[in-house]
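Here's the letter readout for the chains.
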Amino acid sequence: MATSSFNKDFTLNSKKAVESFAKIISTPTDHVKIDRNIISPEKERRGEQKLKQILSR
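Reading the values: rules and limits
Residues numbered from 1 in each chain as written. Predicted model: local features only at pLDDT ≥ 70, side-chain atom pairs only at ≥ 80, totals over all residues. Heavy atoms only, no water. Helix = DSSP H or I, 4+ residues; strand = E, 2+ residues; numbered from the N terminus. Buried < 20%, exposed > 50% of the residue type's maximum accessible area, 1.4 Å probe, protein only. Areas by Shrake-Rupley, 256 points an atom, 1.4 Å probe, with all protein chains shown as cover. Patch = residues over 30% accessible without salt bridge, like charges linked within 9 Å, V, L, I, M, F, W, Y side chains within 5 Å. Salt bridge = Lys/Arg side-chain N within 4 Å of Asp/Glu carboxyl O.

Student: When you look at the overall build of the protein chain in this model, what are you seeing that I'm missing?
Tutor: Summing up its helical and strand segments, the protein chain has two helices and zero strands in all. Scored against the burial criterion, the 57 residues of the protein chain give a buried share of 0%. Here the protein chain displays about 6,300 Å² of accessible surface, and carbon together with sulfur accounts for 56% of that area.

Student: Would you take a moment to explain a nonpolar patch on the surface for this structure?
Tutor: Together, F10, L12, V18, F21, I24 and I25 line one region of the surface with nonpolar side chains, adding up to about 570 Å² of accessible area. By the secondary structure assignment, F21 is in helix α1 (residues 15-26).

Student: Please clarify how the pattern of salt bridges should be interpreted in this entry.
Tutor: For side chains bearing opposite charge, pairing can occur when the charged atoms are close. Under the counting rule described, the total for this entry stands at one salt bridge. Note that E42 and R45 form a salt bridge whose closest N and O atoms lie 3.3 Å from each other. Of the two residues, E42 and R45 both sit in helix α2 (residues 41-55), three residues apart, roughly one turn of that helix. R45 gets classed as partly exposed once you look at its relative accessible area, which sits at 45%.

So yeah, pure geometry; function would need other evidence.
Structural data, given as structure tokens:
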């Protein structure tokens with residue numbers, strides 16, 4: 001994924017937008033557990049091989 005996709009600028013240009021943003025930031029989030037059983041060992045190995053190929057370039 002390109003790092004430019006994480007470099008977004010946004011402007012809160014109204015009081016309502018600021019309040020909404022403050023509410024989102026101040027609200028605690030529940031942790032999401034990832035079910036690792038949905039990935040087969042073969043798919044995990046293929047993913048690791050692809051990652052190694054990409055990093056070795």
